[in-house]
Amino acid sequence: MEKIIIRPAMNEDMNQIAEIIRKIWAIGVDYERENIFGKVNGKSWDEWKVPEQIESLKKNLPNVIVHVNEQNRVIGFASWIILKKRNIGEVTANGIDPQYAGKGLGSRQLRYILN
């Protein structure tokens with residue numbers, strides 16, 4: 001079995017995270033909206049959503065983790081924010097490459113964040 005670890009995300013991981021977002025969010029609201037109404041201002045859902053999400057992750061880098069395999073390939077990511085005024089945390093993203101789905105990695109990411 002290959003070794004899979006969690007580590008802090010880096011700017012260099014963002015292209016691989018973008019690939020995962022394109023794979024797993026192709027079932028989301030923006031994707032469905034495009035299927036019904038077409039592209040928005042000539043751009044597909046991922047041309048809008050992926051850069052927005054990557055920018056958000058970059059701003060939040062201290063609170064972004066990635067799962068990587070033995071080849072240091074990103075296979076999952078998660079992020080969170082702490083809302084100090086309300087004294088709560090919020091998971092802002094949690095995704096696993098579909099090739100690695102069903103192995104408990106998404107749950108593992110959530111447990112890492114909660115700890």
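Before reading further, recall that the structure is shown in the block above.
Parameters at a glance
Residues numbered from 1 in each chain as written. Predicted model: local features only at pLDDT ≥ 70, side-chain atom pairs only at ≥ 80, totals over all residues. Heavy atoms only, no water. Axes fitted to C-alpha atoms, helices over the stretch in contact; angles between N-to-C directions. Helix = DSSP H or I, 4+ residues; strand = E, 2+ residues; numbered from the N terminus. Parallel < 35°, antiparallel > 145°, perpendicular 65-115°, else oblique. Left-handed = near helix turned anticlockwise from the far one by under 90°. Contact = heavy atoms within 4.5 Å. Nonpolar A, V, L, I, M, F, W, Y, C, P; charged D, E, K, R; others polar. Salt bridge = Lys/Arg side-chain N within 4 Å of Asp/Glu carboxyl O. Buried < 20%, exposed > 50% of the residue type's maximum accessible area, 1.4 Å probe, protein only.

Moving on, we get to the packing of helix H1 (residues 14-24) against helix H3 (residues 45-59). The relative placement of two packed helices is expressed as an angle between their axes plus a distance between the axes. At a closest axis distance of 10 Å, the pairing of H1 and H3 adopts a crossing angle of 135°. If you check the angle between H1 and H3, you find them oblique. As for the relative orientation of H1 and H3, their crossing is right-handed in sense. Between H1, through Met14, Ile17, Ala18, Ile21 and Arg22, and H3, the contact on the second element is made entirely by Trp45, Asp46, Val50, Gln53, Ile54, Leu57 and Lys58. Counted by class, the contact of H1 with H3 contains eight nonpolar, one polar and three charged residues.

The next subject is the pattern of salt bridges. Applying the stated criterion to the full structure yields six salt bridges. Here Asp13 makes a salt bridge to Arg7, at a shortest N to O gap of 2.8 Å. According to the relative accessible area criterion, Asp13 is buried, its value standing at 3%. Where Asp30 meets Lys49, a salt bridge forms, and the shortest distance between an N and an O atom there is 3.8 Å. Note that Asp30 is positioned in helix H2 (residues 29-37) and Lys49 in helix H3, a separation of 19 residues in sequence.

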